[in-house]
Amino acid sequence: MATPSLQDGIDKAGSPVRLLWKPNAEPWTPEVVDREYAGWRQEQAAWHEGVALLNLSHHMYDMWIEGPDATRVLAEYGANNFEKFAIGQAKQYVPVTRDGKIVTDGILARHAENKYLLSGVPASQHWVRYHAEKAGYDVAFETDPSSAFRPGGDAPKLFRYQIQGPLALDLIEKVFGGPLPQTKFFHGTPVTLDGRTFEALRHGMAGQAGYEFIGPWEHAAYVHEAFLKAGEPLGLVQVGALAYTTPSVESGWIPSPVPGIYTDPELADYRAWLPLFGIEGKRPLSGSFFSPDIEDYYVSPYELGYGKLIHFGHDFHGRDALLKARDEPRRTKVTLVLDVDDVRRVVGEGRDPGFVLTYGRHRVEASAGLVGVTMQTASIDPVGTVLAQTLIDPAHATPGTEVNVVWGEHPGFGTEPEADLGFPRIRATVQPSPYDRYARTEYRREA
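As the structure is a prediction and not an experimental result, all values here were calculated from the model.

Some remarks on the sheet that holds strand S2 (residues 61-66)
Within the open sheet, the five strands sit side by side as S3-S4-S5-S2-S6. Their pairing is antiparallel. Strands at the two margins of the open sheet, each flanked by one partner only, are strand S3 (90-93) and strand S6 (140-144). Geometrically, the sheet is characterised by an average inter-axis angle of 25 degrees between neighbouring strands, direction not taken into account. As judged from the five bridges shared by strand S4 (residues 106-112) and strand S5 (residues 115-120), these two strands associate in the antiparallel manner. Residue pairing across strands places arginine 110 opposite tyrosine 116, the latter belonging to S5.

Section: the nonpolar core
Residues Ile65, Leu74, Val128, Tyr262, Ile294 and Tyr297 are the most contacted members of the largest nonpolar core, which totals 43 residues. Sorting the residues of this core by element identifies helix H1 (6-13), helix H2 (16-20), S2, helix H4 (70-76), S5 and helix H5 (123-135) as the ones contributing at least two each. The biggest single contributor to this core is H5, with five residues. Once residues lying within four places of it in the same chain are set aside, the contact partners of isoleucine 65 are Ala70, Leu74, Asn114, Lys115, Tyr116, Leu118, Val128, Val139, Ala140 and Phe141. Ranked by size, the runner-up nonpolar core spans 22 residues in total, among them Phe159, Ile172, Leu180 and Phe213.

Quick notes on H1
For H1, the complete set of buried residues consists of Leu6, Gln7, Gly9 and Ile10. Projection of H1 onto a plane perpendicular to its axis shows the buried side chains occupying an angular sector of 160 degrees, all on one side. Turned more than 90 degrees from where H1 packs its buried face, Asp11 and Lys12 sit exposed. Looking at the buried side of H1, the elements it contacts are H2, helix H10 (268-273) and helix H11 (279-282).

Quick notes on the rules
Residues numbered from 1 in each chain as written. Predicted model: local features only at pLDDT ≥ 70, side-chain atom pairs only at ≥ 80, totals over all residues. Heavy atoms only, no water. Pairing = 2+ DSSP bridges. Helix = DSSP H or I, 4+ residues; strand = E, 2+ residues; numbered from the N terminus. Axes fitted to C-alpha atoms, helices over the stretch in contact; angles between N-to-C directions. Core = buried A, V, L, I, M, F, W, Y, C linked by side-chain atoms within 4.5 Å. Buried < 20%, exposed > 50% of the residue type's maximum accessible area, 1.4 Å probe, protein only. Contact = heavy atoms within 4.5 Å. Arc of directions from axis to C-beta.

These values are about where atoms sit, not about what they do.
Written out as structure tokens, the structure reads:
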């Protein structure tokens, strides 16, 4: 029996939104790692005030791309600058459709002249591989899915551990017997620990210093134990699956944009190639904002804040559409700071609501009516309330602007999208994205 495709699922459901709409969908959290170790509040505090260890080994989907046409296919289907892409460097890869809508981003690392590793949500990997195979590029692929999709409980090919927080560099010096070589942001440097060689990627999250250590899985347990042992005197805290999902809300990264692939007739073959039971067919939509038209959920890379990553010095798929979008009014990415008393009243029924996480698209309203949509909302204990990464009309994007978040789950089809369902409102104040000042102004200064 043939594996059902994404197009099969759309056809059976009747539309892309009918396939994806799942009110009250359980929010995604990383697989395998414990939900909490010290408690989500203490774990968030660790990367703000001390040092935290995060295990990224299991939820990342990896695809190695190697061959004479590796750079060519990545450049032709991504908007990034490949003229300035050093071996050992990583970039946030930005693939777009011919209409200039994001497919989804990924982290692209250049390992050699004709070898790359593309990691993250697999929609970008699917996009590159499909077009390479369809056009006959001279390139080979090797994939390692996340642990949720890896067969038979096999181990990952790579371990990934992040060390983050004000004491991160102190811990790293203890483990390696001294400071690491000076490394630019999002560049890697080889490191050795007791004869075991792997990579240190200069990274950061929520405005904090740190590195991501990446290497063969055979060294995973040894490296992990070395960090735990050296970190004990510094108060090292392991970060669980709940807290792990939240730094993006402070850092301004939106992890779940809807791929703009569901409606273009020219992508019918692509949808028939994609499996139904993958990210494109199973990442649910929910929240108080509902539209029966999936295109109302598509986003431009400009809306996501990726304008600086787009390079028009080469021809690429979607280039003309992005040139046009650059000069058109569009929504702006902001952080909404939700009123703490309203959060307690609406979400916690008068009490501390505990951990709040949703990727639901909640309506954002002002006197003009609908002015924006939330993309990810989460409790940030060091801030003292809930923050929401939000796309909002430019007229309401000025910091300090007051808006309301409509908190609820639209039932979907059978109810008018604009129906007044009596959902409660949570007052919120617009602030910049990234919310963290360092992440906003300093992250890429030395990239």
